[in-house]
Amino acid sequence: MTNPDDTPVMVPDFGDADTDRKICFICSKGTLDMAYPALIMANGALGEGVETHLFFTFWGMDMISKKTQDKLKFTILGNPATHMPQGLGGVPGMTAMATRMMKKQIADLDVPEVPEFLSLLHDMGAQLWACKMSVDMMDLTREDLIDEVEDIINVSDFIELSDGAQIIFV
Amino acid sequence: MPQMTIAGHDVAVDDEGFMTEYDQWTEDIGTALASQIGIEMTEDHWRAIKFLREDYSEQGETPTIRRVSTAGGIPTKQLFQLFPKKPAKKMAYIAGLPKPVGCV
């Protein structure tokens, strides 16, 4: 028989004491396959109680532009890891087909599409930032970006806010 | 396999303290586990925990935060309020289930 006094209750370490870990993802790509790595890792980080920021720059602006965020595509062109003959990639309709297939595979895992994923991350407490130079270069305004974006910031703002953070460039 | 006594029951746990026997869990134990991590159970907490228990018995694995919100109908934001910081692991701990293995 176990004596209650001899068996203290084991409590997992939920890390409530460590609150200073911080992760910043730099999202620089606008293809469907390259949008997901940061989103999935950010989701994991938030689920672990880690302060999480996403900074969108260059082609990554397509992830947070209202016009483009639901139209990200996947192409087999230039991606030998698809194990498809590269010549196929140029065939009309091939990119649309590859995109459909990838979206289905992602949906089958109950992983949300990019717009819903960003709004989910925002609900979980992630902060989304847009790159000033990219906004200027692409002639965008605050109104072109999804509401979840906190602000348009420049590189020095980003360097400041990522002080002490782990930075992951995608 | 370590044993511990909680709410008057002897239960099997893993090295971290997560219960390992689905059938050893009772609501009393759930309440006691929650108070160990500073959570006072309310109706909303129970809704989540009961979904975890049911889903585990049907699917054979602990649901992720995403699944609790889509299949269980409890918004993600609320899960973070009910089980601060690490909702997935805290819910699994209280529900007497292993940690979820899914990524999203």
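Residues numbered from 1 in each chain as written. Chains lettered and ligands numbered in written order. Predicted model: local features only at pLDDT ≥ 70, side-chain atom pairs only at ≥ 80, totals over all residues.

S.K.: With reference to specific residues and values, describe the packing of helix α1 (residues 32-47) of chain A against helix α4 (residues 114-123) of chain A.
M.R.: All names here are of chain A. Following both chains from N to C, one finds α1 and α4 inclined at 25 degrees, their axes separated by 10 Å at the closest point. By the angle between their directions, the pair α1 and α4 is classed as roughly parallel. In this structure, α1 crosses over α4, and the sense of that crossing is left-handed. Contact residues: A35, L39, A42, N43 and L46 in α1; V114, F117 and L121 in α4. Among the residues forming the contact of α1 with α4, the class breakdown is seven nonpolar, one polar and no charged. (Axes fitted to C-alpha atoms, helices over the stretch in contact; angles between N-to-C directions. Helix = DSSP H or I, 4+ residues; strand = E, 2+ residues; numbered from the N terminus. Parallel < 35°, antiparallel > 145°, perpendicular 65-115°, else oblique. Left-handed = near helix turned anticlockwise from the far one by under 90°. Contact = placed C-beta atoms within 7 Å. Nonpolar A, V, L, I, M, F, W, Y, C, P; charged D, E, K, R; others polar.)

S.K.: Run through the sheet that holds strand β4 (residues 149-153) of chain A, naming residues and quoting values.
M.R.: Residue and element names in this part refer to chain A. Reading across the sheet, the five strands line up as β4-β3-β2-β1-β5 and stay open at both edges, with parallel pairing between neighbours. Edge strands, defined here as strands with exactly one partner in the open sheet, are β4 and β5 (166-169). Across the sheet, the mean angle from the axis of one strand to that of its neighbour is 20 degrees, orientation sign disregarded. Taken together, the four bridges between strand β2 (residues 51-56) and strand β3 (residues 127-131) define a ladder with parallel strand orientation. Across the sheet, residue L54 finds its bridge partner in β3, namely L128. (Pairing = 2+ DSSP bridges.)

S.K.: Quick one: what's the story with the interface of chain B and chain A, residue by residue and with numbers?
M.R.: If you look at the interface, chain B gives 28 residues, while chain A gives 21 residues. Secondary-structure elements contributing two or more residues to the side of chain B that touches chain A are β1 (3-6), α3 (65-70), α4 (76-82) and α5 (87-94) of chain B. Broken down by element, the residue count for the side of chain B that touches chain A peaks at five residues, all from α5 of chain B. Among the residues forming the side of chain B that touches chain A, the class breakdown is 13 nonpolar, six polar and nine charged.

S.K.: Residue-level account of the confidence of the model for chain B, with values.
M.R.: Residue and element names in this part refer to chain B. Across chain B, pLDDT averages 94, with 100% of residues at or above 70. Ranking the elements of chain B by mean pLDDT puts β1 last, at 90, and helix α2 (residues 43-59) first, at 97. Scoring the predicted complex yields pTM 0.89 and, for the interface, ipTM 0.87. (pLDDT = per-residue confidence, 0-100.)

S.K.: Which residues make up helix α3 (residues 94-108) of chain A, and what values go with them?
M.R.: For α3 of chain A, spanning 15 residues, the distance from its first C-alpha to its last is 21 Å, which sits close to the expected 21 Å at 1.5 Å a residue. Remark: D110 of chain A follows α3 of chain A within two positions and exhibits a positive phi of approximately 60 degrees. (Expected span 1.5 Å × (residues − 1).)

S.K.: Quick one: what's the story with unusual backbone geometry, residue by residue and with numbers?
M.R.: All names here are of chain A. Residue F58 is not a glycine yet carries a positive backbone phi of 45 degrees. Structurally, the position occupied by F58 is in the loop between β2 and α2 (61-64). Positive phi, normally seen in glycine, also occurs at D110, with a value near 60 degrees. Residue position: D110 is located in the loop between α3 and α4. Take D110: there are 13 C-beta atoms within 10 Å of it, and that puts it in the partly exposed class. (Buried ≥ 20, exposed ≤ 12 C-beta atoms within 10 Å, placed from the backbone.)

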